[in-house]
Amino acid sequence: MRILPVSINSNFNKYNVQSQTPVKAAPPPTDTFVKSIDTVNFSAKLDERFPKYFLKELLKFGLPCPVCNKDMIPLERLCEPALETLKFFTPHLDEMTPMNKLMYQKMSELAPLHPEKNIQELLGIMQPEAEKALIFEQREILDGLNFLSRDLPETKGKELRKLIGKTFEEIFNVDIDVDKRFKRKRTIAKFDKFAKSVKDKEIAEKIIHTIRQLPTSDVSPNAYIVKYATRDPENIGMKMFADDFGTLEHIIPESQGGSVVIWECSADNAARGAISIRNQHALNPNMAENLQTHINKLIDIHDNEWPNFKTPNAKSKLKEYIFALRNEFFIASNGKIDLDISGLKSIPAMVIKYEINRIRAINNPRFNKVKKICTEELCRLLPRKSSIT
Ligand SMILES: [Zn+2]
């Protein structure tokens, strides 16, 4: 693999080094702001310097996807009133599944009557009726099984009717524990087990076939409403149409010692599957260019938007983040992607030292050579008297 030679033309040499003390990881803001945005579904470990509330705030200023360059929508915007959030979906109606399209229509009809409600709350309004209608659908399937029980030997028939009765109890009893309530998958597994004990293979097949007709959220609007009325608006929105939302992704996997994450659109995140973002540049010829656009936007936010940040010490934190992104991609791409961060005026020596130690901790041996180049480059940025511990 080709490694970029480290030369005086490297992007690193375009900015000065400042030996000021960097800002330590600030405590998270304690107002309601954190609570209101701390619901994104990203559970992986984050670099402690760049917590979720900081990253989410960043996305709110608008960021282009580093892979495809389209503007990413912050997920929490889905928590706003449906009258607003449904607008995100309108341009994508043709790409939506028929069921999601139907839900979009139902929500669009209801939203003007409840201008304050978000998409989850709209499903909540539809839920009681949908729940009853769903029971009718489920009852029809279970009745079909009741008829099949007549074709079985007496003891087996009784056994099947008992199983059906238990399932009815799970469906109708609203007071039972959450973990005992009706679950489609678990019910199918129970009836499959029963079918295995049935000698007449033809009836066994019919039982297996019939129980699978229990409605799912893919085919029954009622099942959809009941299922998603209990989910967060973010989950519901992602289910309806996921492509434009910002999701977080590790550049170098956590298991290899990577800690820095980047926003990426949900479509690219999902489409990539098993390919890591660090390998994506090999498949996407525009990746380096799109990444640079992403970085340029971050630098622009750093220069112009920092007074609007709620995160403490946002300006220095953002500088540190951009610097870390540059280093992470340099290593992840084996030196092929060298992002231009010369727009940043100066990097504090402590930040550089932190990065050197962080990079040394990346444990994929494939990166040993590029890690060495990167850390040597960073060491040269340090003021003479500084030393690395
Ligand atoms: Zn994208």
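Calculation criteria
Each chain has its residues counted from 1, following the order in which its sequence is written. Thresholds applied to this predicted model are a pLDDT of at least 70 for local features of residues and 80 or more for the giving and counting of side-chain atom pairs; totals over whole chains, interfaces and linings are not thresholded and use all residues. Hydrogens and water are ignored here; the side-chain numbers use all heavy atoms of the structure. A run of DSSP states H or I qualifies as a helix once it reaches four residues; a run of E qualifies as a strand once it reaches two. Both are numbered from the N-terminal end. Accessibility here uses a 1.4 Å probe with only protein chains present; expressed as a share of the type maximum, an area under 20% marks a residue as buried, one over 50% as exposed, and anything in between as partly exposed. By the convention used here, residues are in contact when the closest approach between their heavy atoms is within 4.5 Å. Every accessible area reported is derived by Shrake-Rupley at a probe size of 1.4 Å, with residue values counting cover from the shown protein chains alone. Note: metal donors comprise N, O and S atoms at 2.8 Å or less from the metal (3.2 Å for Na, K and Ca); water molecules are not included, so apparent gaps in a site are possible. Definition used for salt bridges: Asp or Glu carboxyl oxygen within 4 Å of a side-chain nitrogen of Lys or Arg. Two rings belonging to Phe, Tyr or Trp (six-membered ring only in the last case) form a pair when the distance between their centres is within 6.5 Å. Interplanar angles under 30 degrees mark stacking, angles over 60 mark edge-to-face geometry, and anything in between is tilted. The predictor attaches a confidence to each residue, called pLDDT, with possible values from 0 through 100. This arc corresponds to the set of directions leading from the helix axis out to the C-beta atoms. Pairs of cysteine sulfur atoms within 2.5 Å are what we label disulfides. Take the buried Ala, Val, Leu, Ile, Met, Phe, Trp, Tyr and Cys residues and link them wherever side-chain atoms come within 4.5 Å; each set so joined is a nonpolar core. The rule for pairing is simple: two strands pair if DSSP sees at least two bridges between them. Interaxial angle, 0 to 180 degrees, is taken between N-to-C directions of lines fitted to C-alpha atoms, where a helix line uses only the stretch in contact. Roughly parallel covers angles under 35 degrees, roughly antiparallel covers those over 145, roughly perpendicular covers 65 to 115, and oblique covers all other angles.

Asker: Explain the overall build of the protein chain residue by residue, including any values.
Answerer: Of the regular secondary structure elements, the protein chain holds 16 helices and four strands. Here the protein chain, with 389 residues, has 49% of them falling under the buried criterion. Considering only residue pairs separated by 6 or more positions, the protein chain has 70% of its internal contacts joining residues 24 or more positions apart. Total accessible area computed for the protein chain in this model is approximately 19900 Å², and 53% of it derives from carbon and sulfur atoms.

Asker: Please set out unusual backbone geometry residue by residue, giving values where relevant.
Answerer: For Asn69, which is not a glycine, the phi torsion comes out positive at approximately 80°. Position of Asn69 among the secondary structure elements: in the loop between helix 2 (52–60) and helix 3 (82–89). Phi at Asn334 is positive, roughly 55°, even though this residue is not glycine. For Asn334, the position within the fold is in the loop between helix 14 (314–332) and strand 4 (346–348).

Asker: Provide a residue-level description of the coordination of the zinc ion, including the pertinent values.
Answerer: Within the first shell, the zinc ion binds the protein through Cys65 (SG), Cys68 (SG), Cys265 (SG) and Asp268 (OD), at distances of 1.9 to 2.3 Å. In primary-sequence terms, the residues that donate to the zinc ion follow C-x2-C-x196-C-x2-D. Judged by its relative accessible area of 0%, Cys65 falls in the buried class.

Asker: Just give me the short version of the pattern of salt bridges, but keep the residues and values in it.
Answerer: Summed over the entire model, instances satisfying the criterion amount to 15 salt bridges. Here Lys87 makes a salt bridge to Glu84, at a shortest N to O gap of 3.3 Å. Taken together, the residues span about one helical turn, with Lys87 and Glu84 both in helix 3 at a distance of three residues. Between Glu170 and Lys190 there is a salt bridge, with the nearest N and O atoms lying 2.9 Å from each other. With Glu170 in helix 6 (residues 154–172) and Lys190 in helix 7 (residues 184–196), this pair connects stretches of sequence that are 20 residues apart. The class for Lys190 is partly exposed, based on a relative accessible area of 32%.

Asker: Give me the packing of aromatic side chains: which residues, what numbers.
Answerer: Within this structure, the stated rule accounts for eight aromatic pairs. Ring plane angle 35° and centroid distance 6.2 Å describe the contact between Phe50 and Phe54, whose orientation is recorded as tilted. Across this residue pair, the class does not change: Phe50 and Phe54 are buried. Within the aromatic cluster, the residues linked to one another by ring pairs are Phe50, Phe54, Phe61, Phe309 and Tyr321.

Asker: Can you break down the confidence of the model for the protein chain residue by residue, with the values?
Answerer: Mean pLDDT over the protein chain works out to 86, with 87% of the residues at or above the 70 mark. Helix 1 (residues 32–37) is the least confidently modelled element of the protein chain, averaging 32 in pLDDT, while helix 8 (residues 201–211) averages 97, the highest of any element.

Asker: Got a sec to walk through the side chain of Asp192? Specific residues and values, please.
Answerer: Turning to its location among the elements, Asp192 is positioned in helix 7. Asp192 has contacts with Ile208, Ile211 and Arg212, leaving out every residue within four places of it along the chain.

Asker: Please set out helix 2 residue by residue, giving values where relevant.
Answerer: Here helix 2 lies mainly inside the structure; eight of its nine residues are buried. Taken residue by residue, helix 2 has Lys52, Tyr53, Phe54, Leu55, Lys56, Glu57, Leu58 and Leu59 as its buried positions. The positive-phi residue at the C-terminal boundary of helix 2 is Gly62, with phi of around 90°.

Asker: Could you give an account of helix 3, with specific residues and numbers?
Answerer: For helix 3, the full list of buried residues reads Ala82, Thr85, Leu86, Phe88 and Phe89. End-on view of helix 3: buried residues confined to an arc of 140°, all on one side of the axis. On the buried face of helix 3, the contacting elements are helix 4 (98–110), helix 5 (119–149) and helix 10 (233–240).

Asker: Tell me about the state of the cysteines, residues and numbers included.
Answerer: Across all of its chains, the model carries zero disulfides by this definition. Just so you know, Cys379 is unpaired, no disulfide at all, and the nearest cysteine sulfur is the one on Cys374, 9.8 Å from it. Owing to a relative accessible area of 29%, Cys379 belongs among the partly exposed residues under this scheme.

Asker: I'd like a description of the nonpolar core, backed by residues and values.
Answerer: Among the nonpolar cores identified, the biggest contains 57 residues, and Phe54, Leu55, Leu298, Leu318 and Tyr321 are the most heavily contacted of them. Elements with a minimum of two residues in this core: helix 2, strand 3 (261–265), helix 13 (287–304), helix 14, helix 15 (349–360) and helix 16 (368–381). Of all the elements, helix 14 adds the most residues to this core, at 11 residues. In this structure Leu298 touches Leu58, Leu63, Leu318, Tyr321, Ile322 and Leu325, once residues within four positions along its chain are discounted.

Asker: If you had to explain the environment of Ser346 to someone new, which residues and values would you point to?
Answerer: Mapped onto the elements of the fold, Ser346 is located in strand 4. Residues Ser346 and Lys319, 27 residues apart in the sequence, show an inter-C-alpha distance of 8.8 Å.

Asker: Account for the pairing of strand 2 (residues 246–250), with residues named and values stated.
Answerer: Here strand 2 lies mainly inside the structure; five of its five residues are buried. Residues Gly246, Leu248 and His250 line one face of strand 2 and the alternating positions Thr247 and Glu249 line the opposite face, and both faces are buried. Bridge count between strand 2 and strand 3: five bridges; the pairing is antiparallel. Along strand 3, the bridge assignment pairs His250 with Val261.

Asker: Requested: an account of the packing of helix 4 against helix 10, with residues and values cited.
Answerer: Across the interface, helix 4 lies against helix 10 with an axial gap of 9 Å and an inter-helix angle of 125°. Comparing the axis directions of helix 4 and helix 10 gives the class oblique. Where helix 4 approaches helix 10, its residues Asn100, Met103, Tyr104 and Met107 are matched on the opposing element by Ile236, Lys239 and Met240.

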